[in-house]
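Chain and residue survey
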Amino acid sequence: MGSLYSEHRTWLHSVPAGVKLWVLALVGAGLFFTDRVEVLLPSTVLCLAMFVSLGRATLGARKLLVALAVSCALVVGFHAVMQHPMLGVTSAMRLLSTALMGVALTLTTRYTALLDVFESWLWPLRTLGFRVDRLALMLALMLRFVEHFFVLWQRLDDAHRVRTGRSGGWRLLAPLTIQMLQAANRVADTLELRLGK
């Protein structure tokens, strides 16, 4: 599967995967416990500054950022039409902050590092009889497929743009769905061979 991970080293690459996951979880959850603009605005600015500081490592996610900007604009527009403009602004700031942190994590953290973190966090469940390695693998694969979705969408959109000169938009839904199902089937077959039924 394709990956957004950037080989261009940044300061965030040297931060342990566990620390990045904790920050994402705590800050991301914390943003939903407040509606105060004076709290959400600085958070959004800090997340933007953090993302910009990654420099060339963010080039692979440029199309994803465009989609994020459009999503934020739609959120603000919808709530403005519903006569709740400030709710739209705060919702967009939450979305932007958490998405930027998530993309930054993906750009600067290898899949294997995430798998190791999940295994260490889930370790206490061994005493209850759970297969921690498989639970960790499921969590890591979930994150990997989300990343793969955006990578695949970007490739299909680039190919469509080369052929037609226009963005693929909704026309990519069918081929994207087919390729995602094919990828899931290949991963399932591989896991069955390696891990057994």
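See the structure above.
So, here is what we can say about the structure in this document. (Residues numbered from 1 in each chain as written. Predicted model: local features only at pLDDT ≥ 70, side-chain atom pairs only at ≥ 80, totals over all residues. Heavy atoms only, no water.)

Observations regarding the side chain of Thr98
Put simply, the rule is: Under the scheme used here, helices are H or I runs from DSSP no shorter than 4 residues and strands are E runs no shorter than 2 residues, and both carry numbers assigned from the N terminus. Polar contact is defined as a pair of N or O atoms within 3.5 Å, subject to the rule that within protein one atom must be able to donate a hydrogen and the other to accept it, and that residues adjacent in sequence are counted only when both atoms are side-chain atoms. Any pair of residues with heavy atoms lying within 4.5 Å of one another is described as a contacting pair.
Take Thr98: it is sitting in helix H4 (residues 85-108). At 3.3 Å, the side chain of Thr98 and the backbone oxygen of Leu95 are in polar contact. Those residues in contact with Thr98 that lie beyond four places of it in its chain are Leu24, Gly28, Leu31 and Phe32.

What to know about the pattern of salt bridges
Heads up, the condition is: Should a side-chain nitrogen of Lys or Arg be within 4 Å of a carboxyl oxygen of Asp or Glu, the pair is scored as a salt bridge. The cut-offs for exposure are 20% and 50% of the maximum accessible area for each residue type, with area from a 1.4 Å probe on protein chains only; residues under the lower value are buried, those over the upper are exposed, and the others partly exposed.
Scanning the model with the defined rule gives three salt bridges in all. Note that Glu7 is salt-bridged to Arg110, the shortest N-O span being 3.2 Å. With Glu7 in the segment before helix H1 (17-30) and Arg110 in the loop between H4 and helix H5 (111-122), this residue pair connects regions lying 103 residues apart in the sequence. Among the residues examined, Arg110 registers a relative accessible area of 41% and is labelled partly exposed. Measuring nitrogen to oxygen at the nearest pair gives 2.3 Å for the salt bridge that ties Arg94 to Asp35.

So, unusual backbone geometry
For Gln83, which is not a glycine, the phi torsion comes out positive at approximately 70 degrees. With respect to the element layout, Gln83 can be found in the loop between helix H3 (62-81) and H4. For Gln83, a relative accessible area of 63% corresponds to the exposed category.

Observations concerning the packing of H1 against H5
Put simply, the test is: The convention used is that axes are lines fitted to C-alpha atoms, helices contributing only their stretch in contact, and that angles between N-to-C directions extend from 0 to 180 degrees. Should an angle lie under 35 degrees it is considered roughly parallel, over 145 roughly antiparallel, and from 65 to 115 roughly perpendicular; all remaining angles are considered oblique. Charged residues are taken to be Asp, Glu, Lys and Arg, nonpolar residues to be Ala, Val, Leu, Ile, Met, Phe, Trp, Tyr, Cys and Pro, and polar residues to be all remaining types, Gly included.
Orientation of H1 relative to H5, taken along the N-to-C sense of each, is 75 degrees, at an axis distance of 9 Å. It follows that H1 is roughly perpendicular to H5 by the angle criterion. In this structure, H1 contributes Ala17, Gly18, Leu21 and Trp22 to the contact, and H5 contributes Ala113, Leu114, Val117, Phe118 and Trp121. Broken down by class, the residue content of the contact of H1 with H5 amounts to eight nonpolar, one polar and no charged.

Observations concerning the layout of surface pockets
Here is the rule we go by: With a 1 Å grid laid over protein atoms only, a set of points is called a cavity when a 1.4 Å probe fits there but cannot get out and a pocket when it is open yet has protein on both sides within 12 Å along at least five of seven lines; lining residues have an atom within 4 Å of a point. Grid points are joined across faces, edges and corners, and a volume is the space filled by probe spheres set on the points.
When its volume is computed, the second largest pocket comes out at roughly 250 Å³. In terms of lining, the second largest pocket is formed by 15 residues, of which the most central are Leu12, Lys20, Val23, Met50 and Met101. For the lining of the second largest pocket, the elements supplying multiple residues, two or more each, are H1, helix H2 (37-52) and H4. In terms of residue count, the dominant contributor to the lining of the second largest pocket is H1 (five residues). Residues of the lining of the second largest pocket, tallied by class, amount to 13 nonpolar, one polar and one charged.

Observations regarding the nonpolar core
Considering soluble globular proteins, one finds that nonpolar side chains tend to be buried as a cluster. Short version of the rule: The term nonpolar core refers to a set of buried residues drawn from Ala, Val, Leu, Ile, Met, Phe, Trp, Tyr and Cys, joined through side-chain atoms within 4.5 Å.
Core analysis: the biggest nonpolar cluster contains 17 residues, and Phe51, Val103, Ala104 and Leu107 have the highest contact counts within it. Broken down by secondary-structure element, the contributors of at least two residues to this core are H2, H3 and H4. When residues in this core are grouped by element, the largest group, six residues, is from H4. Look past the residues within four positions of Phe51 in its chain and what remains in contact with it is Thr58, Leu65, Leu100, Val103, Ala104 and Leu107. If you look at the next biggest cluster of nonpolar residues, it comprises six residues, including Ala17, Leu105, Leu114 and Phe118.

Treat this as a map of the structure, not an account of what it does.
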